[in-house]
Structures are given as C-alpha cells and as structure tokens.
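# Survey of secondary and tertiary structure
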Amino acid sequence: MTYTRTGSFPIGFRRGRTAWQQDLDRLIRFAKDNDFAFLDTGPLAAGDLRRITSTGVEVGTVDLKQWSDLGSPDPAKRGAAVAANEEHVRGAVGAGIRYFLAVMLAEDGSRPRRENFAYLVESWKKLMAAIEPLGARIALEGWPGPPPHFAAFAGTPADCRAVFEAIPSPALGLNFDPSHLVRMGIDSSRFLREFAGRVVHVHAKDILFLEEERYAHGNLQPATFAEPHKWGGQSWRYGLPGRGAVPWRDLIGVLAEVGYRGRISIEMEDEEFHPKPEREQQGLIQGRDFLKSL
C-alpha cells in the first residue's frame, strides 16, 4: 500500500464513471497492481463491497443514495430517502464499511436557502439517529452544487457551523476537499484547523485558474460561444493534485498536526487525462506519486 511521507496517510482513489472503471474486476486489479490502499465507491450493494475487500483492497467511503431527495420539499419523498439510506447503511456496515460520502444537496435550488436548509436538517437528523448506533460516519463533501443556484450546504464555514449546531450527532462529519474551498476563495488551511474534529475523509484534487480564459470571459457571465471545461467553468477547472492552486504540501502538514488519522483519496477530475483508459490510469498513478512525495 502507498502512504504519504508526512502523516502516513493511506492513498487511494474514487471510482469514476468511465467504462473501464465500471468493470469492477479490472478496477480492483488496477488498484492492487499499483499499490493503492483503497477505493471509494458509489452506492454499491454489500455483496460488491465484500468482493472488493476480499482481495485485500479496502473500501474508503461508500456513497449514500438519493442525496437531493433528502432535501425535497415533499415530506413523503424525504421520508422515503431516509428509509432507503438507513437500509443502505445497515447493509454496508454489515459488510465492514464504516464511512459514507454525501453532499447535503437541496432538490429545488430555486427555493430560499433557509427553507431548503430546514428540509435537509429534518431528514439528516432522522438519518443520524438511525445510523449513529451502527458506528457509521458520514463525510459531507463541500461541493457548492451546480449552477445557477449552487444549492448545496456544508461547504462554507458559516454553513458548516449551522449544520453541526442543528445536527450535533458525532456520526456527522466532513469530507475535506480543498479544491472547492479554494474555488470559493476560502482559506483551506484555516477551515481545516477550525473543523479538524469533524474531518473523517479527504479528497485530493486541485483547481486551476485559467488566466487567459478569465481575461476573455471574466468570472461572472457564462461565455457566449465557448463551452465550459468538462470539470469546471469557462475560466477554471479541476485537476490532479499538485497541478493547481491548492497548497497541498502545507495542508498535508496541517492534517498531521491536527491528528487526522484517515485516508486521502484522489478524485480524478482532470480533462487532460480523459477519455482513454491508459491516460486516466496514468493520471491516477501521477496523483499517487505526488501525494506519496509530500
């Protein structure tokens, strides 16, 4: 298995949606052959999770289901999503999985944020009450959500404070993904220090600010003719860790300083390493080697 030099954090990656990664046997073989410590997955069933761990590759996080349904204005839809996720978590915990990933995302971003926050808090309180006794932990990723409403929560310090005040369950934690913070102009190191006790998982990706495209299109209006980047906008895009503006070397040091004991997962969202399988695999290996050097 591969670890970071500082902190000895295990290095793995998040399963993507490309065709070769949907072949689970091929994905597991690639992870093992290249010394990745673990895989993060979508909402896999318990049988597939056991299939992974039986090979010696760990599972880092498993996605929850129906993220936006938990923030629906429809109480029946919210209730069904809570029940489905409780069942999903129980099955995965039975397969030895403890950590689960989700975005606290509203279904209808056009509604006032306070209203959507209330729907989400109601659902998440019920879900935490159900899964806390199981020993499960939730890692909320701070993705701001899609435009034009950016209707996700737990991405800014103010929202995180509000979430943890409203839902004080120790089962509720954070996925620290500094690329989102840097994109929003938030000090990622300060954020990590403030919420260190809540961080249960880390995503490793970067953000590149594209100055020529920023000059051409600015940072407010959508471009009239140019298409946005595959993972990004007109003047910015996500990339492999070490290729952009995220201060990864400093952040790894802060993670060690604050006593983080979890994993670091490469989230492969770099258009330069797509769509050919060999390029994507090269990118994952490059990201692994960069993190290993820190």
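Scroll up to find the structure this text is about.
Report on the accompanying structure. (Residues numbered from 1 in each chain as written. Predicted model: local features only at pLDDT ≥ 70, side-chain atom pairs only at ≥ 80, totals over all residues. Heavy atoms only, no water.)

Quick look at the overall build of the chain now. Along the backbone of the chain there are 11 helices and 12 strands. Over its C-alpha trace the chain gives a radius of gyration of 19 Å, about what one expects of a compact globule, namely 19 Å for 294 residues. For the chain, the C-alpha atoms occupy an extent of roughly 50 × 45 × 40 Å along the three principal directions. Residue burial in the chain is summarised as follows: out of 294 residues, 52% are buried. (Helix = DSSP H or I, 4+ residues; strand = E, 2+ residues; numbered from the N terminus. Rg over C-alpha atoms; globule rule 2.2 N^0.38 Å. Buried < 20%, exposed > 50% of the residue type's maximum accessible area, 1.4 Å probe, protein only.)

Pairing is possible between side chains that carry opposite charge, provided their charged atoms lie close to one another. One pass over the structure, following the stated rule, counts 24 salt bridges. Among the salt bridges present, the one from Glu-267 reaches Arg-14, with a minimum N-O distance of 3.9 Å. Taken together, the residues span a long stretch of sequence, with Glu-267 in the loop between β12 (264-266) and α11 (277-293) and Arg-14 in strand β1 (residues 11-14) at a distance of 253 residues. The residues Glu-267 and Arg-14 share a single accessibility class, namely buried. Arg-78 serves as the salt-bridge partner of Glu-122, at 2.9 Å between the closest nitrogen and oxygen. In this pair, Glu-122 is assigned in helix α5 (residues 113-131) and Arg-78 in helix α4 (residues 75-94), connecting sequence segments 44 residues apart. (Salt bridge = Lys/Arg side-chain N within 4 Å of Asp/Glu carboxyl O.)

Under the criterion given, the structure shown has 10 aromatic pairs. Taking the centre distance of 4.9 Å and the plane angle of 75 degrees together, the rings of Phe-13 and Phe-36 count as edge-to-face. Separated by 23 residues along the polypeptide, Phe-13 in strand β1 and Phe-36 in the loop between α2 (24-33) and β2 (38-41) bring together distant segments of the chain. Phe-36 gets classed as buried once you look at its relative accessible area, which sits at 4%. (Phe/Tyr/Trp six-rings, centres within 6.5 Å; stacked < 30°, edge-to-face > 60°.)

Each strand in a sheet pairs with another by means of backbone hydrogen bonds, the pair being arranged parallel or else antiparallel. Taken together, eight strands build a closed barrel; the order of strands is β1-β2-β3-β4-β6-β8-β9-β12 and the barrel is parallel. Taken pair by pair, the neighbouring strands of this sheet meet at an average axis angle of 30 degrees, ignoring direction. Across two bridges, the pairing between β1 and β2 is parallel. The residue bridging Arg-14 from the neighbouring strand is Asp-40, located in β2. α11 contacts β1, β9 (199-204) and β12 of the sheet and is inclined by roughly 150 degrees relative to β12. (Pairing = 2+ DSSP bridges. Axes fitted to C-alpha atoms, helices over the stretch in contact; angles between N-to-C directions. Contact = heavy atoms within 4.5 Å.)

This paragraph deals with the pairing of strand β4 (residues 99-102). In the sheet, strand β3 (residues 58-63) pairs with β4 via two bridges, with the strands oriented parallel. Each residue of the ladder has a partner; that of Asp-63, found in β4, is Leu-101. Assessed by its sense of winding, the connection that carries the chain from β3 through α4 to β4 is right-handed. The pairing of β4 with strand β6 (residues 137-141) spans four bridges and is classified as parallel. Considered in β6, the bridge of Ala-102 is made with Leu-140. (Right-handed = clockwise from strand over helix to strand, strands pointing away.)

Omega for the peptide link from Pro-147 to Pro-148 comes to 5 degrees, which places this bond in the cis form. Relative to the elements of secondary structure, Pro-148 occurs in the loop between β6 and β7 (152-153). Cis geometry is found at the peptide bond from His-274 to Pro-275, where omega equals 5 degrees. For Pro-275, the position within the fold is in the loop between β12 and α11.

All right, on to the environment of Glu-227 then. By the element assignment, Glu-227 lies in the loop between α9 (211-217) and β11 (236-239). Residue Glu-227 is classed as exposed on the basis of its relative accessible area, which comes to 67%. C-alpha separation for the pair Glu-227 and Glu-58, spaced 169 residues apart in sequence, amounts to 38 Å.

If you check α11, its first and last C-alpha atoms are 25 Å apart, about what 17 residues at 1.5 Å a residue would give, namely 24 Å. Listed in full, the buried residues belonging to α11 are Glu-280, Gln-281, Gly-283, Leu-284, Gly-287, Arg-288 and Leu-291. Down the axis of α11, the sector holding all buried residues measures 155 degrees, keeping them to one side. Elements that come into contact with the buried residues of α11 comprise β1, α1 (19-22), α2, β9 and β12. (Expected span 1.5 Å × (residues − 1). Arc of directions from axis to C-beta.)

Moving on, we get to the nonpolar core. Trp-124 and Leu-140 are the most contacted members of the largest nonpolar core, which totals 79 residues. Sequence-distant contacts of Trp-124, defined by excluding residues within four places in its chain, comprise Leu-64, Leu-70, Ala-102, Met-104, Ile-138, Leu-140, Ile-167 and Leu-172. (Core = buried A, V, L, I, M, F, W, Y, C linked by side-chain atoms within 4.5 Å.)

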